[in-house]
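# Coordinate analysis (summary)
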Amino acid sequence: MFSLFESIVAARYLRAKRKEGFISVITSFAGIGIALGVATLIIVTSVMNGFKAELLDRILGINGHISISSVRDIPFNNYKEAVKNLEEKVNGVNIAIPLIEKQLLATAGNSAEGVMVRGINANDIQKKQVLRDGFKDFDLNFFKGDTIVLGYKLANKLGVMEGDEVTLLSPQGKITLFGSVPRMKSYKVAGTFNFGMYEYDANFVFMPLEAAQKFFSLGDGVTSIDVSIRDDADIDHTRELIRTAIESSGNRAFIYDYRQTNSAFFNAIDVERNVMFIVLTLIILVAAFNIITGLIMLVKDKARDIAVLRTMGATKGAIIRIFVIDGAFIGVVGTLFGVILGLLFCDNIENIRQFLQTLAGRDLFSAEIYFLSRLPAKVESDVVVSVALISLLLSFIATIYPAYRAAKMDPVEALRYE
């Protein structure tokens, strides 16, 4: 495609002489701009992908793909049989966990917080990796009787620690001769958990399933069943199988999946990621304009050389290819360094965040805002390839006008004015 002669001339033009130093600076800045644009685009896109993937993993690790909730607070009294049938007879179901989940008020001393109480069996906690990791500092053998386990941030807000007591207050009280009396009971704090997700660590209380059944007067029933499936791609089909199984057993229930529960949140992440991709692509576009500027100045400076080459028999096509090589070289080198820089940054992004946080003296990734306690990054090969191709395409387009202008130059006019 490019001859050896064209490549040699293009390489000589890139090596600026002393009087051409300014042109060299412009082309260098163009390459740096492309590298920074590519790196920034890869980093931001990877962080957005990582944030979504990490959040999804935590949500599915705690809640499951599909939830089966009772209608009008009528408990599932035959939940053990239902769980067994779901795990053994419904194709695609991996784990089914019976739960009791209610919103209550937790008080300790002068502190009070609205909490979500989840009743669950200790052996069901062992079934899921995220739950196991969250309870790794707590001995599940003590998860029994009138005890509760708090999120560590919730424990800090209430000012309690292991061995203290927390009073749970339910608005759905007992009916007495004097009217409705709020249901309340004190529980011993057996320990804390840490899921690394602020929404759960600051608002959730776990208690043994039997204690939750007793507190909410549910007998031997539960309010919901969380279902984890083997393949997320089959979630629609599996949900319909679960619906059929529930209806055939004569039960009524609300059946919904995590996409419906968190649809607004994940849609917002996708929109933000796409907008950021478009906006940050403008950085590469600006750097491509610097390539145009640098090559136009190079063409003007090399007018006499171009005229000599034309008089010696160089065709217009050869002149075009010479300057295309120069511009493409800047784009390729800038893109390559940008990809390397972006990948290295993503690989060490949490360490970099900790360093910048120490340097700035403030929290740069607040868990209260971003839900996660660490900055995630997930590099996807198709995104990196797309960014690199966009950068190379813009760099190539930027060479067309300067190269065409060089080829149109009249050798006689160029030598006359020199």
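Here the residue numbers are simple positions, counted from 1 along each chain's written sequence. The predicted origin of the model limits local features to residues at a pLDDT of at least 70 and limits the giving and counting of side-chain atom pairs to 80 or more, whereas totals for whole chains, interfaces and linings rest on all residues. Working from all heavy atoms in the structure, the side-chain values ignore hydrogens and water.

On average, the protein chain scores 80 in pLDDT, and the residues at 70 or more come to 86%. The least confident element of the protein chain is helix α15 (residues 367-370), whose mean pLDDT is 53; the most confident is strand β7 (residues 204-208), at 93. Confidence scores labelled pLDDT are given residue by residue by the predictor and lie between 0 and 100. Each helix is a run of H or I in the DSSP string that is no shorter than four residues. Each strand is a run of E no shorter than two, and both are numbered from the N terminus.

With that out of the way, let us pick up the packing of helix α11 (residues 263-301) against helix α13 (residues 316-347). Every axis corresponds to a line fitted to the C-alpha atoms, with the helix fit spanning only the stretch in contact, and the corresponding angles, defined between N-to-C directions, vary from 0 to 180 degrees. Relative orientation of the contacting elements α11 and α13 amounts to 145 degrees, with a least axis distance of 11 Å. Judged by the sense of rotation from one axis to the other, the crossing of α11 with α13 is right-handed. For the pair formed by α11 and α13, the contact residues are I291, L295, L298 and V299 on the first element and F323, D326, G327, I330 and G331 on the second. All amino acids are sorted into three groups, where Ala, Val, Leu, Ile, Met, Phe, Trp, Tyr, Cys and Pro are nonpolar, Asp, Glu, Lys and Arg are charged, and the leftover types, Gly among them, are polar. By residue class, the composition of the contact of α11 with α13 is six nonpolar, two polar and one charged. In this scheme, a crossing is called left-handed if the near helix is turned counterclockwise away from the far one by less than a right angle; it is called right-handed if the turn is clockwise. Contact between two residues is taken to exist if any of their heavy atoms lie within 4.5 Å; hydrogens are not considered.

This part takes up the environment of I8. By secondary structure assignment, the location of I8 is in helix α1 (residues 4-14). Exposure remark for I8: the relative accessible area of 46% places this residue in the partly exposed category. Linking I8 and I322, residues 314 residues apart in sequence, is a C-alpha distance of 8.8 Å. For every residue, the accessible area obtained with a 1.4 Å probe (protein chains only) is divided by the maximum for its type, and the residue is called buried under 20%, exposed over 50%, and partly exposed between those limits.

Each pair of aromatic rings taken from Phe, Tyr and Trp, with Trp reduced to its six-membered ring, is defined by centres within 6.5 Å and is described as stacked if the planes are under 30 degrees apart, edge-to-face if over 60, and tilted in the remaining cases. Applying the stated criterion across every chain yields a total of 13 aromatic pairs. When the ring of F193 is compared with that of F206, the centres are 5.1 Å apart and the planes differ by 75 degrees; the resulting orientation is edge-to-face. Note that F193 is positioned in strand β6 (residues 179-193) and F206 in strand β7, a separation of 13 residues in sequence. Take F206: its relative accessible area is 0%, and that puts it in the buried class. The structure contains a cluster of three or more aromatic residues connected by ring pairs, namely F135, F138, F143, F193, F195, Y200, F204 and F206. A cation sits over an aromatic face here: K185 above Y187, 5.8 Å from the ring centre. Counting as a charge over the ring demands two things of the Lys NZ or Arg CZ atom: a distance within 6 Å of the ring centre and an angle within 35 degrees of the ring normal.

Counted as salt bridges are all cases of a side-chain nitrogen of Lys or Arg within 4 Å of a carboxyl oxygen of Asp or Glu. For the structure shown, the criterion picks out ten salt bridges. Where R239 meets D257, a salt bridge forms, and the shortest distance between an N and an O atom there is 2.4 Å. On the criterion of sequence distance, the pair formed by R239 in helix α9 (residues 235-248) and D257 in strand β9 (residues 253-257) is long-range, its members being 18 residues apart. Of the two residues examined, R239 and D257, each falls in the buried class. With a closest N to O distance of 3.1 Å, D257 and R259 form a salt bridge. A residue is classified by how much of its surface remains accessible, and D257, at 1% relative accessible area, is buried. Judged by relative accessible area, R259 falls into the partly exposed class, the value being 33%. A single salt-bridge network, built from bridges that share partners, covers D236, R239, D257 and R259.

What follows concerns unusual backbone geometry. If you check the backbone angles, S217 has positive phi at about 55 degrees while not being a glycine. Inspection of the secondary structure assignment puts S217 in the loop between α8 (209-215) and β8 (224-229).

In this section: the packing of α13 against helix α16 (residues 381-408). Where α13 meets α16, the closest approach of the two axes is 8 Å, and the angle between their N-to-C directions is 155 degrees. Here α16 runs roughly antiparallel to α13, going by the angle between their axes. Like other packed secondary-structure pairs, α13 and α16 cross with a definite hand, here right-handed. Contact residues: α13 offers K316, I319, I320, F323, V324, G327, A328, G331, V332, T335, V339 and L343, while α16 offers V384, A388, S391, L392, S395, F396, T399, A403, A406 and A407. When grouped by side-chain class, the residues that make up the contact of α13 with α16 number 15 nonpolar, six polar and one charged. For classification purposes, an angle smaller than 35 degrees is called roughly parallel, one larger than 145 roughly antiparallel, one from 65 to 115 roughly perpendicular, and anything else oblique.

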